[in-house]
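# Fold and geometry: a report
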Amino acid sequence: EKNILEILNIAIDSGREILNIYYNEITIDFKEDKTPITQADINSNNLIVNRLKKIDPNISILSEESLVKWENRKDWSTYWLIDPLDGTKEFINRNGEFTVNISLIENNYPIFGIIYSPAKSLLYYAIKNNGCYKLKTNSNLTTLKDFKKINITKEKNSTVKIIGSRSHS
C-alpha cells in the first residue's frame, strides 16, 4: 500500500504543478512533430521522472516528453510509461479536460495505472487482478480506504458509455 500511495501522490503533486501554470499565463512552444508543448508538460514530466527514479532507479522510464529510442528500449521487460500532461490542447484551451497518466508495464502489459484529472480533482487507479478505483481529491493521500471500487457491468441491456477526444477522432 505504501508504494501505491507514493505513486498516487506523485500524480497529485504533478497535477498541482500543472494547475499552477493553468491558472496563470500559458506559453506555448511546438515539438518537432508540430504538436504543442507547455512549461506544464515539462514541469510535470520532470517531477514524475525524478520521483519515480527515487522509488526504484532500476526501472526504466518512457515518457512522451523524454522518449527513448526503440533500439534502447526494445528489450525492456518492466518500465514506467508516462504521459505527464495528456491533453495539452485541452489544457491550452482551458477546458479542464486533461490528465496525468502513469502506468507500470511488465512484459508488454500494464499491471498498474493511474489517471488523474487535476482540474476535476478525480483520481483513478487500477492494479492487475485487483480492480479499478476512483476518488475525488486534490490532497495528498495517506490511505487507500476512501477509494470507491469501480465495477464493470456485464448485463446485456446495460448502458454503454464511450469516451472520445475533442482533439482526435
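Whatever comes next refers back to the structure up there.
These remarks concern the structure in this document. Within any chain, residue numbers begin from 1 and follow the written order of that chain's sequence. pLDDT decides what is reported in this predicted model: residues at 70 or higher carry local features, side-chain atom pairs at 80 or more are listed and counted, and totals for whole chains, interfaces and linings draw on all residues regardless. The basis for the side-chain values is all heavy atoms of the structure; hydrogens and waters are excluded.

## Examining the side chain of Thr99
Helix and strand assignments follow DSSP, with helices taken as H or I runs no shorter than four residues and strands as E runs no shorter than two, numbered in order from the N terminus. Assignment of secondary structure puts Thr99 in strand β5 (residues 99-106). Three labels apply to residues, based on accessible area from a 1.4 Å probe with only protein chains included: buried if under 20% of the type maximum, exposed if over 50%, partly exposed otherwise in between. Classification of Thr99 by relative accessible area gives buried; the value is 16%. Throughout, a residue-residue contact means that at least one pair of heavy atoms, one from each residue, lies within 4.5 Å. Discounting residues that sit within four places of it in the chain, Thr99 has contacts with Asp83, Pro84, Leu85, Asp86, Ile115, Tyr116, Ser117 and Pro118.

## What about the pairing of strand β8 (residues 131-136)?
Here strand β7 (residues 122-127) runs beside β8; their pairing, made up of six bridges, is antiparallel. Following the sheet pairing, Tyr125 is matched in β8 by Tyr133. Only strands joined by at least two bridges in the DSSP assignment are considered to pair. Count of turn residues in the β7/β8 antiparallel hairpin: three residues, of which Asn129 carries a positive phi of about 65°. Here β8 runs beside strand β9 (residues 148-150); their pairing, made up of three bridges, is antiparallel. In the strand pairing of β9, Tyr133 is matched with Lys149.

## Some points on the pattern of salt bridges
For this document, the term salt bridge refers to a Lys or Arg side-chain nitrogen within 4 Å of an Asp or Glu carboxyl oxygen. Per the stated rule, a full pass over the model turns up five salt bridges. Its salt-bridge partner being Asp13, residue Arg16 comes within 2.7 Å of it at the nearest N-O pair. Of this pair, Arg16 and Asp13 both sit in helix α1 (residues 2-22), three residues apart, which is roughly one turn of that helix. Look at Arg16 and you get partly exposed, because its relative accessible area is 35%. Two residues, Asp13 and Arg51, come together in a salt bridge whose shortest N-O distance is 2.9 Å. Separated by 38 residues along the polypeptide, Asp13 in helix α1 and Arg51 in helix α2 (residues 39-55) bring together distant segments of the chain. Accessibility expressed as a relative area gives 14% for Asp13, which makes it buried. Salt bridges linked by common partners bring Asp13, Arg16 and Arg51 together as one network.

## Structural notes on unusual backbone geometry
Phi is positive for Asn107, close to 50°, though the residue is something other than glycine. Counting through the fold element by element, Asn107 comes out in the loop between β5 and β6 (109-117). At Asn108, a residue that is not glycine, the phi angle is positive and equals roughly 70°. Within the secondary structure, Asn108 is located in the loop between β5 and β6.

## Points about a positive patch on the surface
What makes a patch is a set of residues exposed beyond 30% relative accessible area and free of salt bridges, joined within 9 Å when like-charged and within 5 Å when nonpolar (Val, Leu, Ile, Met, Phe, Trp, Tyr). Surface accessibility follows the Shrake-Rupley procedure with a 1.4 Å probe radius. Residue values consider only the protein chains on display as shielding. The convention is simple: Lys and Arg are positive, Asp and Glu are negative, and His and the chain ends are not counted. In this description, the location of a charge corresponds to atom NZ of lysine, CZ of arginine, CG of aspartate or CD of glutamate. Where like charges cluster on the molecular surface, the positive patch consists of Lys120, Lys134, Lys136, Lys148 and Lys161. Tracing the sequence through the fold places Lys120 in the loop between β6 and β7.

## Overview of the pairing of β5
In terms of residue burial, β5 counts as a mostly covered element, since seven of its eight residues are buried. Summarising the sheet, strand β4 (residues 78-86) and β5 pair through seven bridges and their orientation is antiparallel. Residue pairing across strands places Asp83 opposite Asn101, the latter belonging to β5. Pairing between β5 and β6: seven bridges, direction antiparallel. Bridge pairing in β6 places Val100 opposite Tyr116. Between β5 and β6, which pair antiparallel in sequence order, lie two residues; one of them, Asn107, sits at a positive phi of approximately 50°.

## So, the sheet that holds β4
One open sheet holds the seven strands; their spatial order is β3-β4-β5-β6-β7-β8-β9, and the pairing between them is mixed. The sheet is open, and its two edges are formed by β3 (60-63) and β9, each paired on a single side. Here the strands of the sheet are splayed against their neighbours by 20° on average, with no regard to which way each runs. Bridge analysis of β3 against β4 gives four bridges, and the strand direction is parallel. Axis angles are defined between N-to-C directions and span 0 to 180 degrees, where every axis is a line fitted to C-alpha atoms and, for a helix, only to the segment in contact.

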